[in-house]
Amino acid sequence: MTDTPRPVGDPGENEPEFPAVPDDLSSLDDLGIEVPDDLSELTQPSSEPDMAVLITQIAGAEPLAAAASLAGLDLDAVPTEVGALAVLRDPTGGGPDAAAAALSQVVRGVPLVQVTRKGEQLTCVRWSDGERGDEISPALLLGGAPQTVEDVLTGYAKVADLEGVVASGSIGRVKAMRMLASAARKARRASRGKPGKRDDV
């Protein structure tokens, strides 16, 4: 046994010898490994949102799904205590803006809030009658929101696990028109304070 230090790079008798890393990585091509020229995307967050939700004042998931069906939108309507949520199935591209514009045109006079989530960042924008409005603070929005709203927006709750969810694709256009017409009649009767009166059609 000797105390003489082993030279660096000199493997012991029973130690495996690892090959040196080459300066030129082109030899990795022989192994079928492709090294991209631009690795910046590994450190930059995606520009596409992870989730897009439309917070509405529509009372009930089924009427919201019906309105979305007429607008040609693919989403899941989630009931909450303050109004139904429209969770888009495809939040990428210009989908969230197009959905907010289309839905707010179908239910004119009923404003909504579009919420998009990228990572942990929320962006909240008001929409009314097809027009984009001003941004509002996520803290202000979530401050008075029911727990269901917060759970959906933060990703804590999965739409598939919630009760009462209605897919817009499950409601045909004819059924959707009948449902919305019935809801409009009920709303008019309620606003006139005569729930027993039948509106002329």
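See the structure printed just above.
Predicted, not measured: the structure shown is a model, and the values here were computed from it.

A. Region of the structure containing the pattern of salt bridges. Overall, the coordinates contain four salt bridges when judged by the stated rule. Notably, a salt bridge pairs Arg89 with Asp74, separated by 3.8 Å at the nearest N-O pair. Here Arg89 is found in the loop between β3 (85-88) and α2 (95-106), whereas its partner Asp74 is found in the loop between α1 (61-70) and β2 (75-78), with 15 residues between them in sequence. Among the residues examined, Asp74 registers a relative accessible area of 47% and is labelled partly exposed. Across the pair Arg132 and Asp97 runs a salt bridge whose closest N-O atoms are separated by 3.3 Å. One end of the pair, Arg132, is in strand β6 (residues 131-136); the other, Asp97, is in helix α2, with 35 residues separating them in the sequence. Residue classification places Asp97 among the partly exposed residues on the basis of a relative accessible area of 35%. Through salt bridges that share partners, Asp74, Asp76 and Arg89 make up one connected network.

B. View of the sheet that holds β3. What the seven strands build is an open sheet, ordered β6-β5-β4-β1-β3-β2-β7; its pairing is antiparallel. Every other strand in the sheet has two partners, leaving β6 and β7 (166-167) as the edge strands with one partner each. Note that strand β4 (residues 112-118) and strand β5 (residues 121-128) share seven bridges and pair antiparallel. Along β5, the bridge assignment pairs Leu112 with Trp127. Relative to β4, α2 is tilted by about 170°, and along the sheet it contacts β1 (51-55), β3, β4, β5 and β6.

C. Highlighting the nonpolar core. Leu54, Leu64, Leu73, Leu103 and Ile171 are the most contacted members of the largest nonpolar core, which totals 28 residues. The set of elements that each furnish at least two residues to this core consists of β1, α1, β2, β3, α2, β5 and α5 (173-192). Broken down by element, the residue count for this core peaks at six residues, all from α1. Non-local contacts of Leu73, meaning those with residues more than four positions away in its chain, are made with Ala68, Ala99, Ala102, Leu103 and Ser168. With 17 residues, the next largest nonpolar core counts Val53, Leu85, Cys124 and Val159 among its residues.

D. Quick look at unusual backbone geometry. Positioned with a positive phi, Asp129 is a non-glycine residue whose angle comes to about 50°. With respect to the helices and strands, Asp129 occurs in the loop between β5 and β6. For Asp129, a relative accessible area of 27% gives the class partly exposed.

E. Geometry of the environment of Ala65. Mapped onto the elements of the fold, Ala65 is located in helix α1. Owing to a relative accessible area of 0%, Ala65 belongs among the buried residues under this scheme. Along the backbone, Ala65 and Ala84 are 19 residues apart, and their C-alpha atoms lie at a distance of 9.2 Å.

F. Local environment of the pairing of β6. Where β5 and β6 come together, four bridges link them in antiparallel fashion. Among the inter-strand pairings, Val125 is bridged to a residue of β6, identified as Glu135. Here β5 folds back onto β6, and the loop between the two strands holds two residues, one of which, Asp129, carries a positive phi near 50°.

Thresholds applied
Residues numbered from 1 in each chain as written. Predicted model: local features only at pLDDT ≥ 70, side-chain atom pairs only at ≥ 80, totals over all residues. Heavy atoms only, no water. Salt bridge = Lys/Arg side-chain N within 4 Å of Asp/Glu carboxyl O. Helix = DSSP H or I, 4+ residues; strand = E, 2+ residues; numbered from the N terminus. Buried < 20%, exposed > 50% of the residue type's maximum accessible area, 1.4 Å probe, protein only. Pairing = 2+ DSSP bridges. Contact = heavy atoms within 4.5 Å. Axes fitted to C-alpha atoms, helices over the stretch in contact; angles between N-to-C directions. Core = buried A, V, L, I, M, F, W, Y, C linked by side-chain atoms within 4.5 Å.

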